[in-house]
Amino acid sequence: MSNIILSGKNPKKVKVGNLVFGGEKPIIISGPCSVESREQIIELAIKLKAIGVDVLRGGAFKPRTSPYSFQGLGEEGLKYLKEASEITGIPVISELMDASNIDLICKYADIIQIGSRNMHNYSLLKAVGELNKPVLLKRGMSATIKEWILAAEYIAHHGNDNIILCERGIRTFDNYTRNTLDLAAVPIMKKETGLPVIVDPSHGTGIRELIIPMSLAALAAGADGIMVEVHEDPDNALSDGEQSLDIEQYENLMKLIKK
Ligand code: PEP
Ligand code: MN
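Source: prediction; values computed, not measured.

**Looking at the overall build of the chain**
From N to C terminus, the chain includes 9 helices and 10 strands. Compactness check: the chain gives a C-alpha radius of gyration of 17 Å against a globular reference of 18 Å for 259 residues, within 12% of the reference. Viewed in the frame of its principal axes, the chain has a C-alpha envelope of about 50 × 40 × 40 Å. Going through the 259 residues of the chain one by one, you find that 56% of them count as buried. If you sum the accessible surface of the chain, you get close to 11300 Å²; carbon and sulfur atoms cover 51% of it. Between the centroid of the 29 positive side chains of the chain and the centroid of its 33 negative side chains there is a distance of 5 Å.

**Section: the site of ligand 1**
Around ligand 1 sit 13 residues in total, of which Arg 57, Gln 113, Ser 116, Lys 138 and Arg 168 are the nearest. Note that an oxygen atom of ligand 1 is positioned 2.9 Å from one of the side-chain N or O atoms of Arg 117. Lys 138 is positioned such that a nitrogen or oxygen atom in its side chain is 2.9 Å from an oxygen atom of ligand 1.

**Remarks on helix α8 (residues 208-220)**
At Met 214, α8 shows its largest bend, some 25°. Among all positions in α8, only Arg 208, Ile 211, Ile 212, Ser 215 and Ala 218 are buried. Tucked inside the fold, the buried residues of α8 contact β9 (197-199), α7 (201-205), β10 (225-229) and α9 (247-258). Within two residues after α8, Gly 222 carries a phi angle of roughly 100°, on the positive side.

**Considerations on the packing of helix α4 (residues 122-129) against helix α5 (residues 145-157)**
Between α4 and α5, the shortest axis-to-axis distance is 7 Å and the interhelical angle comes to 40°. When the axis of α4 is compared with that of α5, the two are oblique. For the crossing formed where α4 meets α5, the hand is right-handed. Between α4 and α5, the residues in contact are Tyr 122, Leu 125, Lys 126, Val 128 and Gly 129 and Ala 151, Tyr 154 and Ile 155, respectively.

**Observations regarding the coordination of the manganese ion (ligand 2)**
Within the protein, Cys 33 (SG), His 203 (NE2), Glu 229 (OE) and Asp 240 (OD) serve as the donor atoms for the manganese ion (ligand 2), at 2.0 to 2.4 Å. Read from N- to C-terminus, the donor residues coordinating the manganese ion (ligand 2) fall into the pattern C-x169-H-x25-E-x10-D. Residue Cys 33 is located in the loop between β3 (27-31) and α1 (38-51), and its partner His 203 is located in helix α7; the two are separated by 170 residues in the primary sequence. For Cys 33, a relative accessible area of 3% translates into the label buried.

**Quick word on the side chain of Asn 3**
Relative to the elements of secondary structure, Asn 3 occurs in the segment before β1 (14-16). Overall, the relative accessible area of 14% leaves Asn 3 in the buried class. Reaching out from Asn 3, the side chain makes a polar contact with the backbone oxygen of Leu 6 at a distance of 2.9 Å. One polar contact links the side chain of Asn 3 to the main-chain carbonyl oxygen of Glu 192, over a distance of 3.0 Å.

**Quick look at the pattern of salt bridges**
A complete count under the given rule lists 12 salt bridges for this structure. Where Asp 161 meets Lys 12, a salt bridge forms, and the shortest distance between an N and an O atom there is 3.2 Å. In this pair, Asp 161 is assigned in the loop between α5 and β8 (163-167) and Lys 12 in the segment before β1, connecting sequence segments 149 residues apart. Assessed through its relative accessible area of 34%, Asp 161 is described here as partly exposed. The exposure class of Lys 12 is partly exposed, given its relative accessible area of 22%. Note that Lys 190 is salt-bridged to Asp 224, the shortest N-O span being 2.6 Å.

**A short note on the nonpolar core**
Grouped together as the largest cluster of nonpolar side chains are 64 residues, with contacts concentrated most on Leu 56, Ile 114, Val 128, Leu 137, Leu 165 and Tyr 250. Setting aside anything within four residues of it in sequence, one finds Val 128 in contact with Leu 96, Ile 102, Ile 112, Ile 114, Val 135, Ile 155 and Asn 160.

**Digging into the side chain of Glu 153**
By the element assignment, Glu 153 lies in helix α5. Nearest to the buried, unbridged Glu 153 among oppositely charged side chains is Lys 146, at 8.6 Å. The residues contacting Glu 153, other than those within four sequence positions of it, are Asn 3, Ile 4, Ile 5 and Leu 6.

**Quick notes on the pairing of strand β6 (residues 111-114)**
With burial as the criterion, each face of β6 is covered, one bearing Ile 111 and Gln 113 and the other bearing Ile 112 and Ile 114. Of the strand pairs in this sheet, strand β5 (residues 92-95) and β6 are connected by 3 bridges, and their pairing is parallel. Paired with Ser 94 across the two strands is Ile 112, which belongs to β6. Following the chain from β5 across helix α3 (residues 102-108) to the adjacent parallel β6, one finds a crossover that is right-handed. Bridging between β6 and strand β7 (residues 135-138) involves 3 bridges; their strand directions are parallel. By the bridge assignment for β7, Gln 113 is matched with Leu 136. Regarding the hand of the β-α-β motif, the stretch spanning β6, α4 and β7 is right-handed.

Rules behind the numbers
Residues numbered from 1 in each chain as written. Chains lettered and ligands numbered in written order. Predicted model: local features only at pLDDT ≥ 70, side-chain atom pairs only at ≥ 80, totals over all residues. Heavy atoms only, no water. Helix = DSSP H or I, 4+ residues; strand = E, 2+ residues; numbered from the N terminus. Rg over C-alpha atoms; globule rule 2.2 N^0.38 Å. Buried < 20%, exposed > 50% of the residue type's maximum accessible area, 1.4 Å probe, protein only. Areas by Shrake-Rupley, 256 points an atom, 1.4 Å probe, with all protein chains shown as cover. Lys, Arg positive; Asp, Glu negative; His and termini not counted. Charge placed at Lys NZ, Arg CZ, Asp CG, Glu CD. Near = heavy atom within 4 Å. Polar contact = N/O pair within 3.5 Å; in protein donor to acceptor, adjacent residues only side chain to side chain. Bend = angle between axes of the 7 residues up to and from the residue. Contact = heavy atoms within 4.5 Å. Axes fitted to C-alpha atoms, helices over the stretch in contact; angles between N-to-C directions. Parallel < 35°, antiparallel > 145°, perpendicular 65-115°, else oblique. Left-handed = near helix turned anticlockwise from the far one by under 90°. Donors = N, O, S within 2.8 Å, 3.2 Å for Na, K, Ca; no water. Salt bridge = Lys/Arg side-chain N within 4 Å of Asp/Glu carboxyl O. Core = buried A, V, L, I, M, F, W, Y, C linked by side-chain atoms within 4.5 Å. Pairing = 2+ DSSP bridges. Right-handed = clockwise from strand over helix to strand, strands pointing away.

Below, the structure written as structure tokens:
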């Protein structure tokens, strides 16, 4: 069976405060892969605000491939993220990995992120479908277009159509890049679902030097926004430093986008 609620014939705008995903202006989400400390996220948020940012990102519950890697600060991280949001007036997004943390995420975040590894977690999709908070649904790293559409359909079917899709690269035979960024998915998903679609070139490539060109390519392909990892000291980041821009590179990206 195919999608029955979502359709390109009914373009959907998703509002987050004064921001509109799927509106005239592309939405820029940036911030560290993980919230590492109170100082880190607050200082970075202030700098990003001065350069230009619409939504601040920061993982508190981290889906790490190795159990020995930094797992995130949990609720403590969410509190720091919220504090950074209150200081700067910028809404925040953070990942939900487990339905038992729904109340916690809802308390601190303006957008709930469902990560690539959980795109097929149907009980989690049903659970966020019961909410009316905006949900950012990342594409599963091995998910077909059809599976991704139906994952979004799960959320909509349970009552929540405040869904933003995020292409973040898929696994292919090539491993030069961390993933293969599928930009054709942008116009396809807009046509098939009518939902706003953004692109994450950080996870999509895994390589810092590729983030700027692929961000620009994503916007040229019609993306409604981008999500980029930024860190003040990427080489010493607790996660995903190799795919994070530093402040200067981020400033450069924002200049190019404005042009
Ligand atoms: C992230 O955004 O930090 C993340 C873990 O992304 P993905 O789920 O796409 O791997
Ligand atoms: Mn990351």
